[in-house]
Amino acid sequence: MLDRQIKVLKSEGIHRIILIGGYRSEMLCREDAELRINPAYSETNMVYTLFCAESDLDDEAIVSYGDIVYSRAILSKLLKSDADIAVTIDEDWKSYWFARSNNPLDDAETLQLSSEGRITEIGRKPNTMEEIEGQYMGLMKFSAKGAAMMSKVYHEAKKAGNLCGKPVKKAQLTDLLQTMIHSGYRVDAVTVQGGWVEVDTISDLFLDVTKERLRLIKNSIKQLSKHLSL
């Protein structure tokens, strides 16, 4: 999955790639990527892990979860956004989530958008499907200014001792985004329609809808390899 991500990133001219590891981090070693380590991986979550590479967040950056695969079209659309903080949102998520769970509300999170395409709420436990206007993918872009905003909110949260009501070490990236929204920062949605997968469990790989999505992504990567000699 990481190798596919790296190929897609390179296809859009992104060549400085940093992986952040913890458990069995030696498995992440690659010639075409730098490795940062979260030594406290067993007791921390995503926000803490991301800031193990804080010194690298000094320019425009793409931040991606490691358990997703996405198409070049999604990455290209994200890169075209001129927002300081841009987050990809899948509007065609329902069929995928129904295939993964008998009750999508068990694994989904709230996501509300303003009429201007700004994210106004993210990451809460939903009570109804109407509270979910799209699926957060775990793929986002920060300008240098946006990364500085994120760092400011993170360090303010560390000083206060909590982030969105959670210990900072246990916070998710959606908690950080929601705190930024509450602090008045603009977080823009980049909407897409499918073209990605998330693999939380082995069973995710055997879903018909997942296999079809992966096939489409794999074919797009093969085409990239032909034209770009990746």
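Keep in mind it's a predicted model, so treat the numbers as computed, not measured. (Residues numbered from 1 in each chain as written. Predicted model: local features only at pLDDT ≥ 70, side-chain atom pairs only at ≥ 80, totals over all residues. Heavy atoms only, no water.)

Overview of the nonpolar core
We count it as follows: Nonpolar core, defined: a set of buried Ala, Val, Leu, Ile, Met, Phe, Trp, Tyr and Cys residues in which side-chain atoms within 4.5 Å join the residues together. A 1.4 Å probe rolled over the protein chains alone gives each residue an accessible area, and that area as a share of the maximum for its type sets the label: buried under 20%, exposed over 50%, partly exposed in between. The numbering of helices and of strands both runs from the N terminus, where a helix is a DSSP run of H or I of at least 4 residues and a strand a run of E of at least 2. Only heavy atoms matter for contacts: two residues are in contact if any of them lie within 4.5 Å across the pair.
With 64 residues, the main nonpolar core has Tyr 70, Ile 119, Tyr 136 and Leu 173 as its most contacted residues. Considering every element that reaches this core, the biggest residue donor is helix H5 (residues 144–160), with six residues. Ignoring anything within four residues of it in the chain, the contact list for Tyr 136 reads Tyr 65, Val 87, Thr 88, Ile 89, Glu 109, Leu 111, Ile 122, Leu 173, Thr 174, Leu 177 and Trp 196.

Concerning the packing of aromatic side chains
Selection rule: Between the rings of Phe, Tyr and Trp (Trp by its six-membered ring), a pair exists once the centres lie within 6.5 Å; its type follows the angle of the planes, with under 30 degrees stacked, over 60 edge-to-face, and the other angles tilted.
Enumeration over the complete set of coordinates arrives at seven aromatic pairs. Here the aromatic rings of Phe 51 and Tyr 154 are separated by 3.8 Å at their centres, their planes lie at 10°, and the arrangement is stacked. Of the two residues, Phe 51 sits in the loop between helix H2 (46–50) and strand E3 (61–64) while Tyr 154 sits in helix H5, which places them 103 residues apart along the sequence. Across this residue pair, the class does not change: Phe 51 and Tyr 154 are buried. Geometrically, the ring pair formed by Trp 97 and Trp 196 is tilted, given 6.2 Å between the ring centres and 35° between the ring planes. Pair noted here: Trp 97 is in helix H4 (residues 94–100) and Trp 196 is in strand E10 (residues 196–198), with a separation of 99 residues, a long-range link. An identical accessibility class is assigned to Trp 97 and Trp 196; each is buried. Connected via pairs of aromatic rings, a cluster forms that spans Trp 93, Tyr 96, Trp 97 and Trp 196.

Overview of the environment of His 15
Turning to its location among the elements, His 15 is positioned in the loop between helix H1 (2–11) and strand E1 (18–21). Residue classification places His 15 among the exposed residues on the basis of a relative accessible area of 54%. As a C-alpha pair, His 15 and Glu 156 span 141 residues in sequence and 32 Å in three-dimensional space. If near-sequence neighbours (up to four positions away) are discounted, His 15 is found in contact with Lys 10 and Asp 32.

Considerations on helix H6 (residues 173–182)
Residues lying three or four places apart along an α-helix face the same way, a consequence of the helix completing one turn every 3.6 residues. When you tally the buried positions in H6, you get nine out of 10 residues, the bulk of the element. Along H6, the residues that are buried comprise Leu 173, Thr 174, Asp 175, Leu 176, Leu 177, Gln 178, Thr 179, Met 180 and Ile 181. Residues of H6 that are buried sit in contact with H2, E3, strand E5 (85–90), strand E7 (119–122), strand E8 (135–142) and H5. Phi turns positive one or two residues past the end of H6, at Gly 184, with a value near 95°.

A word on the sheet that holds E5
Selection criterion: Strand pairing is assigned whenever DSSP identifies at least 2 bridges connecting the two strands. For helices, the axis comes from a line fit to the C-alpha atoms of the stretch in contact; other axes are also lines fit to C-alpha atoms, and the angle between any two N-to-C directions lies between 0 and 180 degrees.
As summarised here, the arrangement of the four strands in space is E3-E8-E5-E9, forming an open sheet in which the pairing is mixed. Edge strands, defined here as strands with exactly one partner in the open sheet, are E3 and strand E9 (188–192). Neighbour-to-neighbour, the strand axes of the sheet open up by a mean angle of 25°, direction not taken into account. Its contacts with the sheet place helix H3 (residues 72–80) against E3, E5, E8 and E9, and it is angled at close to 50° to E8.

Considering the environment of Ile 18
Here Ile 18 lies in strand E1. Between the alpha carbons of Ile 18 and Ala 53 there is a distance of 8.3 Å; along the sequence they are 35 residues apart. Apart from residues lying up to four places away in sequence, Ile 18 is in contact with Glu 34, Arg 36 and Asp 56.

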